[in-house]
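Topology and contacts: notes
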Amino acid sequence: AGPPARSLEGLVERMKVLLFSQGPRGILGLAMAFWEVDTQNVRMVSKGMFTEVMMQFFENSPLELGYPQVDMLFEAFCSVQTPDQLSYDEFLLALKSELNSQRRAAVRKAFRRLDGCSEGLVDFEDMRRSFNAKRHPLVSEKGMPETEMLEEFCETMADLVTFRRGRRTFPMNMVAWEEFEDYYFTIGGCYPSDEMFVTVVERVWDVDKASLPSSRIAAGPAAGVPPPTRVGLHHWQPDTLPHATGYRNVSEEVPLEDVLDKIRSLQYKNGVRFAVSIVRQFVQLDDDLDDLLDQHEFRRACQACGLLLKPEEEAAVFRELAQEMPDPRTGGPTVKLPIGQFFAALHGQMSEYRQGLVEDVWRQLDRSGDGVPPSMLREKMDPAAHPEAGSRKPQQILTDFLDTFSDLMNATGGCSEGRVRQNDWLMYFSVVSSATESDAYFALVLRRCWQQDVRVVQMEAAPSPLAERKAPQHEGPTVYQDAPGIMHSRFSRKVSGAAAPMVSPITRSSIQFNSAVDTEASQVCARIRSIIAPRGLRGWTAWLKKLRQLDTRGDGTIMRLEWQRAHRSLGLGISHDESDAVFKAFDLGLDGRMHIGPFMEGVKGPLNQNRRELVERAYNSVVDANEDAVYCRDLIEQFDYTNYPFYVLGRMTERQAFADFDDTLHFLCPMGKMSRDQFYEFLSLVSATFLDDHEFNIVVTVCLRCQ
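In this report, the structure presented in the accompanying data block is examined.

Quick notes on the rules
- Residues numbered from 1 in each chain as written.
- Predicted model: local features only at pLDDT ≥ 70, side-chain atom pairs only at ≥ 80, totals over all residues.
- Heavy atoms only, no water.
- Helix = DSSP H or I, 4+ residues; strand = E, 2+ residues; numbered from the N terminus.
- Buried < 20%, exposed > 50% of the residue type's maximum accessible area, 1.4 Å probe, protein only.
- Contact = heavy atoms within 4.5 Å.
- Areas by Shrake-Rupley, 256 points an atom, 1.4 Å probe, with all protein chains shown as cover.
- Salt bridge = Lys/Arg side-chain N within 4 Å of Asp/Glu carboxyl O.
- Disulfide = S-S within 2.5 Å.
- Phe/Tyr/Trp six-rings, centres within 6.5 Å; stacked < 30°, edge-to-face > 60°.
- Expected span 1.5 Å × (residues − 1).
- Axes fitted to C-alpha atoms, helices over the stretch in contact; angles between N-to-C directions.
- Parallel < 35°, antiparallel > 145°, perpendicular 65-115°, else oblique.
- Nonpolar A, V, L, I, M, F, W, Y, C, P; charged D, E, K, R; others polar.
- Core = buried A, V, L, I, M, F, W, Y, C linked by side-chain atoms within 4.5 Å.
- Pairing = 2+ DSSP bridges.
- Arc of directions from axis to C-beta.
- Polar contact = N/O pair within 3.5 Å; in protein donor to acceptor, adjacent residues only side chain to side chain.
- Left-handed = near helix turned anticlockwise from the far one by under 90°.

Our next topic: the overall build of the chain. Scanning the chain for helices and strands turns up 34 helices and 11 strands. Expressed as a percentage of the 707 residues in the chain, the buried residues total 44%. Sequence-distant contacts, at least 24 apart, represent 68% of the contacts inside the chain between residues at least 6 apart. For the chain, the exposed area adds up to about 38100 Å²; of that, 51% sits on carbon and sulfur atoms.

Spelled out as structure tokens, the structure:
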């Protein structure tokens, strides 16, 4: 009886694991060992030869192959017609892994790329030059020397061809398709997964790179070769012209700056994550780790990050930034793009203003000058103060920062020794700067999220109008405290003959009004301000228009029902009790009428000292000294909507931002010019809209350009 099948299968599996763990040289080394003892080229070996080869080849190996195991293998694979002979081709076939359809397709694509003439034969020297060892994962990721990988391929391919052809075949320098396929059929077990196998084949043979036109085709126009023409009435040849500058008009060449502006506009639109993904994809696709990209790798990187560049735009990048250098494989010239030079042109140099902000924040973080741990960035960042905290969750903002920062550091090799250095900080914010169009927004993010001394400034509480209506403080005795020597007649016996008191003890007491109504009215005014402010300046003008429409008497007052109709129509969400408290607080004449002017002043709130000084300087810079007025057309012409906080934060479009400013000016000064009081009223609305001091400063100094 023969040996158990389970024992034989286990032995074969252990042999396969050992051979394929040694790489292509493992299985092909065993094949060449059989080829050397087969001097007659009969493809058969005797039991003694088989035992000798197996014992010598697996000597001192972890397999621990003994004579019983060798005998078991020989009996299992010996020839049926000649039991004392074994076909080593069939034995090696049991050790190989069959090529499935996915692997076979990858091998076929690689050979087609090599066999440009479709002859089924490829010169071995051309194959050696085409083998891109730098892109092999063992070279680019594991650190294996490139020359060692190329030498391994050449030796194993030569061994495979020699093994297949035998000793009596005339040596040739051509490799056939069957031999190329059999090579990967033989070493396929070295790659356990189909994905790894396909990746290796596509990389080393550059299958994933589109083929470029040959020099003969590219030189066609200069040599007078006519382009493809129409061959029939309804039949046209396909457009086979290569996308090269020689086939286009010179005027169609795209300037490099236009291409970079196109990419920057996509970064402005998609944000920092998109900008960091560009860096990550370009670095990852440099699989040979030489910090250089050829045209194929550049195209793949652009496709991976969603950059759709036209051929003439790609040509502009390589024309201006690429460098010509010798190809180590072919020896001829090749053009490659330095990644660092491309990013330097794309991101550009930060302006002095932005770099100063970034360095100021870094000095606050790194007080020792030795860098900071990455965990400190998480602790120091305040996502709740981010300008987009109103539309996004703070945790999401923090996650975006941590993800983009770590992705950029992993791609560029930053954070050496586990600490963030100033160079890492500047590099990250240079990418952020390239994705941020507005200086105002860039400064807003840095100052809010990283500088602890800048926060949203609460408006000063407006003085309550009830303070003016309180009775004057009475210095005499009250019902709770009597003056010395005075006794109230209400609580004492009347002395006969004594004169009656001139003033009742109760009227002499000082009445202390309850301040709860005052506090409630101030709180409601503050809440109204917080509701109207996000609507922009036009939210305040809509509120003023409604109040003026309800002022049918034209005396600046409205009745209770009119007040209720006003706040309900604008959706302020005020309860009945809160509405009464506000009405009573601003019923200054105690005649059942609410005064609009004092009410608006209470809602807007007063300007703090810094804002008052800024408004005064702004007025002096824009006033016409001859007429002592500010012309609205001058403010409209110099208004910079690109730095308007609502536009910067994405809450308004370009048209909405300009209309927000223009409509408010025309509403406040229909005559086209503003007096000092009107200018102050306009900026008081701006102050009530932008509660943060920095945002108010941006509107006045940057948007209005009032220095």
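Let us now look at the pattern of salt bridges. Scanning all chains against the criterion turns up 38 salt bridges. Residues E314 and R299 are paired through a salt bridge, measuring 2.9 Å at the closest nitrogen-oxygen approach. Note that E314 is positioned in helix α17 (residues 311-321) and R299 in helix α16 (residues 295-304), a separation of 15 residues in sequence. Here E314 falls in the buried class, since its relative accessible area comes to 8%. Salt-bridge contacts for R676 lead to E616; the nearest nitrogen and oxygen are separated by 2.7 Å. Of this pair, R676 sits in helix α33 (residues 676-689) while E616 sits in helix α29 (residues 609-622), placing them 60 residues apart in sequence. When salt bridges with common partners are traced through the structure, they connect R273, E388, R392, D400 and D403 into a single cluster.

A few words now on the state of the cysteines. By the definition in use, this model includes 1 disulfide. C632 shares a disulfide with C669; S-S distance 2.5 Å. Note on the C632 and C669 pair: the S-S dihedral is about -130 degrees, so by sign convention the disulfide is left-handed. Within this pair, whereas C632 is found in helix α30 (residues 632-637), its partner C669 is found in the loop between α32 (654-668) and β11 (673-674), the two being separated by 37 residues in sequence.

Before going further, it helps to examine the packing of aromatic side chains. Scanning the entire structure with this criterion turns up 47 aromatic pairs. Between Y644 and F646, the aromatic rings sit 5.9 Å apart at their centres with planes inclined by 65 degrees, giving edge-to-face as the arrangement. Each member of the pair, Y644 as well as F646, is classed as buried. Plain terms: the ring middles of Y644 and F690 are 5.8 Å apart, the flat faces sit at 85 degrees to each other, and that makes the pair edge-to-face. Linking Y644 in the loop between α30 and α31 (645-648) with F690 in the loop between α33 and α34 (693-703), this pair joins segments that are 46 residues apart in sequence. Just as Y644 is buried, F690 falls in that class too. Through a chain of ring-to-ring contacts, the aromatic side chains of F111, F131, F153, W177, F180, Y183, Y184, Y191, F197 and W205 assemble into a single cluster.

Between its first and last C-alpha atoms α32 spans 22 Å; for 15 residues at 1.5 Å apiece the expected length is 21 Å, and the two agree. What α32 keeps buried is the set A657, A659, D660, F661, D662, T664, L665, F667 and L668. Where α32 is buried, its residues contact α25 (537-550), α30, α31, β11 and α33.

On to the packing of helix α6 (residues 101-114) against helix α11 (residues 194-204), then. For the pair α6 and α11, the least separation of the axes is 9 Å and the interaxial angle reads 0 degrees. With respect to each other, α6 and α11 are oriented roughly parallel. Residues Q102, R103, A106, V107 and A110 of α6 pack against D194, F197, V198 and V201 of α11. The residue inventory of the contact of α6 with α11, partitioned by class, reads 6 nonpolar, 1 polar and 2 charged.

So, on to the nonpolar core. Buried together is how nonpolar side chains tend to be arranged in soluble globular proteins. Grouped together as the largest cluster of nonpolar side chains are 66 residues, with contacts concentrated most on M54, F91, F180 and W205. If you tally residues by element for this core, the top one is helix α2 (residues 24-37), at 8 residues. M54 has contacts with M15, L30, F34, L65, V70, L73 and F91, leaving out every residue within four places of it along the chain.

As a further point, take the environment of W35. With respect to the helices, strands and loops of the structure, W35 is situated in helix α2. On the basis of relative accessible area, W35 is assigned to the buried category, the value being 14%. Distance from W35 to R164, taken between C-alpha atoms, is 9.4 Å for residues 129 residues apart in sequence.

Whenever strands of a sheet pair, they do so through backbone hydrogen bonds, lying parallel or antiparallel. Read from one edge to the other, the open sheet built from 3 strands follows the order β5-β7-β6, with strand pairing classed as antiparallel. Of all strands in the sheet, those bounded by a partner on one side alone are β5 (292-293) and β6 (323-326). Direction of pairing for β6 relative to strand β7 (residues 333-338): antiparallel, over a ladder of 4 bridges. Bridge pairing in β7 links P326 to P333. Of the strands in this sheet, β5, β6 and β7 are in contact with helix α18 (residues 339-347), which crosses β7 at around 45 degrees.

Even without being glycine, R43 reaches a positive phi, approximately 65 degrees. Accessibility expressed as a relative area gives 18% for R43, which makes it buried. In this structure, D206 is a non-glycine residue whose phi angle is positive, near 55 degrees. Relative to the elements of secondary structure, D206 occurs in the loop between α11 and α12 (215-218). For D206, a relative accessible area of 6% gives the class buried.

With 14 residues, α29 extends 20 Å from end C-alpha to end C-alpha; this agrees with the ideal 20 Å at 1.5 Å per step. Turning to α29, its buried residues number three or more, namely R611, L614, V615, A618, Y619 and V622. Projection of α29 onto a plane perpendicular to its axis shows the buried side chains occupying an angular sector of 135 degrees, all on one side. Against β10 (630-631), α30, α33 and α34 lie the buried residues of α29.

With that settled, the discussion passes to the side chain of D587. By the secondary structure assignment, D587 is in the loop between α27 (576-585) and β9 (594-595). Side-chain polar atoms of D587 contact the backbone nitrogen of D591, separated by 3.2 Å.

What follows covers the pairing of β7. Here β5 pairs with β7 via 2 bridges, running antiparallel. Bridging across to β7, L293 finds its partner in L337.

In this section: the environment of E359. Within the fold, E359 resides in helix α19 (residues 352-365). On a C-alpha basis, the gap between E359 and W425 in space is 8.7 Å, while along the polypeptide they are 66 residues apart. Excluding residues within four positions of it along the chain, E359 makes contact with Q422 and L426.

Glancing now at the packing of α25 against helix α28 (residues 596-604). Each pair of packed helices gets described by two things: the angle between the helix axes and the distance between those axes. Direction vectors running N to C along α25 and α28 enclose 160 degrees, while the axes themselves pass 12 Å from each other. On the basis of the axis angle, α25 is roughly antiparallel to α28. By crossing handedness, the relation of α25 to α28 is classed as right-handed. Along the contact surface, α25 presents W540, W543, L544 and L547, while α28 presents I596, F599, M600, V603 and K604. Residues belonging to the contact of α25 with α28 are distributed by class as follows: 8 nonpolar, no polar and 1 charged.

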